[in-house]
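# Structural description and commentary
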Amino acid sequence: MKKVVCLLGLFLLFAGAVKAQEVRNGAEIEFEKTVHDYGNVPYNGNGECEFRFTNTGNEPLIVQKPKSSCGCTIPTWPKEPILPGESEVIKVTYRTNRPGIINKTVTVTSNAIQNGTVVLRIKGTVLDQPAEAMPENNFGSGSPVNNR
């Protein structure tokens, strides 16, 4: 009976080790930030930002076409696989031709084993005048926010 219990225990230990190994194999995506705050942006001002990420897994990371919450938010992404340990960026351009509050998302889907879908967010305010028509100001002084 002791042999059966020992064998069963060894089997469960081995099965757990194999399962743990399976969980760790694959691509992983880790973003430096998931929120970008533009602060105040002048009308038709610079609406570009970047979200840097790293493949922290042990297999190539493939990013599929990111989906934005509206047509005014345009993402660009690396089309080639990102090797383990390498970093890349997803660039987001927000069209600043409408005054008002910015609160948009870009959903990034990848082959990452833990967090295969990540939602990036941009926020801020587009002012109702272009930069040249306004008094000196700190446009875009909003600091990036890490919202994990």
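Summary of the structure given here. What you see as residue numbers is a count from 1 along each chain, following the sequence as written. With the structure being a predicted model, the display of local features is reserved for residues of pLDDT at least 70 and the display and counting of side-chain atom pairs for 80 or more, all residues being used for whole-chain, interface and lining totals. Heavy atoms from the whole structure form the basis of all side-chain values; hydrogens and water molecules are not counted.

## Observations concerning the sheet that holds strand β2 (residues 35-41)
Using the following cut-off: Two strands qualify as a pair provided DSSP detects at least 2 bridges between them. Where helices and strands are cited, they refer to DSSP runs of H or I of at least four residues and of E of at least two residues respectively, numbered from the N terminus.
Sheet architecture is open: 4 strands sit in the order β2-β8-β7-β4, paired in mixed fashion. Sheet topology places β2 and β4 (67-68) at the edges, where each strand pairs with a single neighbour. The pairing of strand β7 (residues 100-109) with strand β8 (residues 117-126) spans 10 bridges and is classified as antiparallel. Across the sheet, threonine 109 pairs through a bridge with threonine 117, a residue of β8.

## Considerations on the sheet that holds strand β6 (residues 87-94)
Threshold: For helices, the axis comes from a line fit to the C-alpha atoms of the stretch in contact; other axes are also lines fit to C-alpha atoms, and the angle between any two N-to-C directions lies between 0 and 180 degrees.
Pairing is antiparallel in the open sheet, where 4 strands are placed in the order β1-β3-β6-β5. Whereas interior strands pair on both sides, the edge strands pair on one side only; in this sheet they are β1 (29-31) and β5 (73-76). Neighbour-to-neighbour, the strand axes of the sheet open up by a mean angle of 30 degrees, direction not taken into account. Two elements, β5 and β6, share 4 bridges in a ladder whose sense is antiparallel.

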